[in-house]
Amino acid sequence: NPEGFLYRWGVRDFAGGIVIHISAGFAALASIYVVGSRKYDSEEARLIMQVPHDRTFVALGTGLLWFGWFGFNGGSAGAAGPQAAYAVINSCVAASAAMSVWTCVEWLHHGKPSTVGACVGAIAGLATITP
């Protein structure tokens, strides 16, 4: 809305992402407040719960999300054109850069990279670049 205070500040919402991200953020904060942190019987139980059950499905899910993100970000332009192309290219570059950085940081901290770490980095990059 041209009369809104965010519009007057120069904020432009490409795909409705501001509303989605603010709503999701406050929902997450409310959930944390109501549910609280996880409780474990021992340190061993906590470590076991952090191990992914199937790395293949993690990689497959990441690939499907990455592919779908092209449609979401590119399709948010409303038409096939330069704006849609830039959105798709930026999505791919952000996911690739975040995956590379996450993998390098994991390598430095744990002595070896992992598939799950690379997938987490890619999804973090996609979530970050989404308008």
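Since the structure is predicted, the reported quantities are computational estimates derived from the model, not experimental observations.

Definitions and limits used
- Residues numbered from 1 in each chain as written.
- Predicted model: local features only at pLDDT ≥ 70, side-chain atom pairs only at ≥ 80, totals over all residues.
- Heavy atoms only, no water.
- 1 Å grid on protein atoms, 1.4 Å probe; cavity = no way out; pocket = protein on both sides within 12 Å on 5 of 7 lines; lining within 4 Å.
- Points joined across faces, edges and corners; volume = space filled by probe spheres on them.
- Helix = DSSP H or I, 4+ residues; strand = E, 2+ residues; numbered from the N terminus.
- Nonpolar A, V, L, I, M, F, W, Y, C, P; charged D, E, K, R; others polar.
- Phe/Tyr/Trp six-rings, centres within 6.5 Å; stacked < 30°, edge-to-face > 60°.
- Buried < 20%, exposed > 50% of the residue type's maximum accessible area, 1.4 Å probe, protein only.
- Patch = residues over 30% accessible without salt bridge, like charges linked within 9 Å, V, L, I, M, F, W, Y side chains within 5 Å.
- Areas by Shrake-Rupley, 256 points an atom, 1.4 Å probe, with all protein chains shown as cover.
- Salt bridge = Lys/Arg side-chain N within 4 Å of Asp/Glu carboxyl O.
- Axes fitted to C-alpha atoms, helices over the stretch in contact; angles between N-to-C directions.
- Parallel < 35°, antiparallel > 145°, perpendicular 65-115°, else oblique.
- Left-handed = near helix turned anticlockwise from the far one by under 90°.
- Contact = heavy atoms within 4.5 Å.
- pLDDT = per-residue confidence, 0-100.
- Core = buried A, V, L, I, M, F, W, Y, C linked by side-chain atoms within 4.5 Å.

Here's the deal with the layout of surface pockets
Logical step 1: In this structure, the largest pocket occupies an estimated 260 Å³ of space.
Logical step 2: Gln 50, Pro 52, Arg 55, Trp 102, Glu 106, Lys 112, Ser 114, Val 116, Gly 117 and Val 120 together form the lining of the largest pocket.
Logical step 3: At the level of elements, helix 5 (82-110) and helix 6 (115-129) are the ones that each hand at least two residues to the lining of the largest pocket.
Logical step 4: Take the lining of the largest pocket: its biggest share by element is three residues, from helix 6.
Logical step 5: For the lining of the largest pocket, the class distribution of residues is four nonpolar, three polar and three charged.
Logical step 6: Looking at the second largest pocket, its volume works out to about 160 Å³.
Logical step 7: Lining of the second largest pocket is provided by Asn 1, Gly 4, Leu 6, Tyr 7, Val 11, Arg 12, Asp 13, Ile 18 and Val 19.

A few points about the packing of aromatic side chains
Logical step 1: Throughout the structure, instances matching the rule amount to one aromatic pair.
Logical step 2: Between Phe 5 and Trp 9, the aromatic rings sit 5.1 Å apart at their centres with planes inclined by 80 degrees, giving edge-to-face as the arrangement.
Logical step 3: Given a relative accessible area of 49%, Phe 5 falls into the partly exposed group.

Looking at a nonpolar patch on the surface
Logical step 1: A surface patch of nonpolar side chains, amounting to about 420 Å² of accessible area, comprises Phe 5, Leu 6, Trp 9 and Val 11.
Logical step 2: Examined against the element boundaries, Phe 5 turns out to sit in helix 1 (residues 5-8).

So, the packing of helix 4 (residues 55-75) against helix 6
Logical step 1: It is the contact of helix 4 with helix 6, at a shortest axis distance of 9 Å, that shows an interaxial angle of 20 degrees. When the axes of helix 4 and helix 6 are compared, the pair comes out roughly parallel. The two elements helix 4 and helix 6 cross, and the hand of that crossing is left-handed. Residues Arg 55, Val 58, Ala 59, Thr 62, Leu 65, Trp 66, Trp 69 and Asn 73 of helix 4 lie in contact with helix 6, whose contacting residues are Thr 115, Val 116, Cys 119, Ala 122, Ile 123, Leu 126, Ala 127 and Ile 129.
Logical step 2: For the contact of helix 4 with helix 6, a count of residues per class yields twelve nonpolar, three polar and one charged.

Re the confidence of the model for the chain
Logical step 1: When pLDDT is averaged along the chain, the result is 87; 98% of the residues meet or exceed 70.
Logical step 2: Mean pLDDT across the elements of the chain ranges from a minimum in helix 3 (residues 43-49), with 76, to a maximum in helix 5, with 93.

Some words on the environment of Ile 22
Logical step 1: By the element assignment, Ile 22 lies in helix 2 (residues 17-35).
Logical step 2: Put simply, Ile 22 and Ser 96 are 74 residues apart on the chain and 25 Å apart in space, counted from C-alpha to C-alpha.

With respect to the side chain of Thr 62
Logical step 1: Among the structural elements, Thr 62 can be located in helix 4.
Logical step 2: For Thr 62, a relative accessible area of 6% gives the class buried.
Logical step 3: For Thr 62, the contacting residues outside a window of four places in its chain are Cys 119, Ala 122 and Ile 123.

Examining the nonpolar core
Logical step 1: Counting five residues, the largest nonpolar core is built from Trp 66, Trp 69, Ala 95, Ala 122 and Leu 126.
Logical step 2: Those elements giving two or more residues to this core turn out to be helix 4 and helix 6.
Logical step 3: For Trp 69, the contacting residues outside a window of four places in its chain are Gly 74, Leu 126, Ala 127 and Thr 130.

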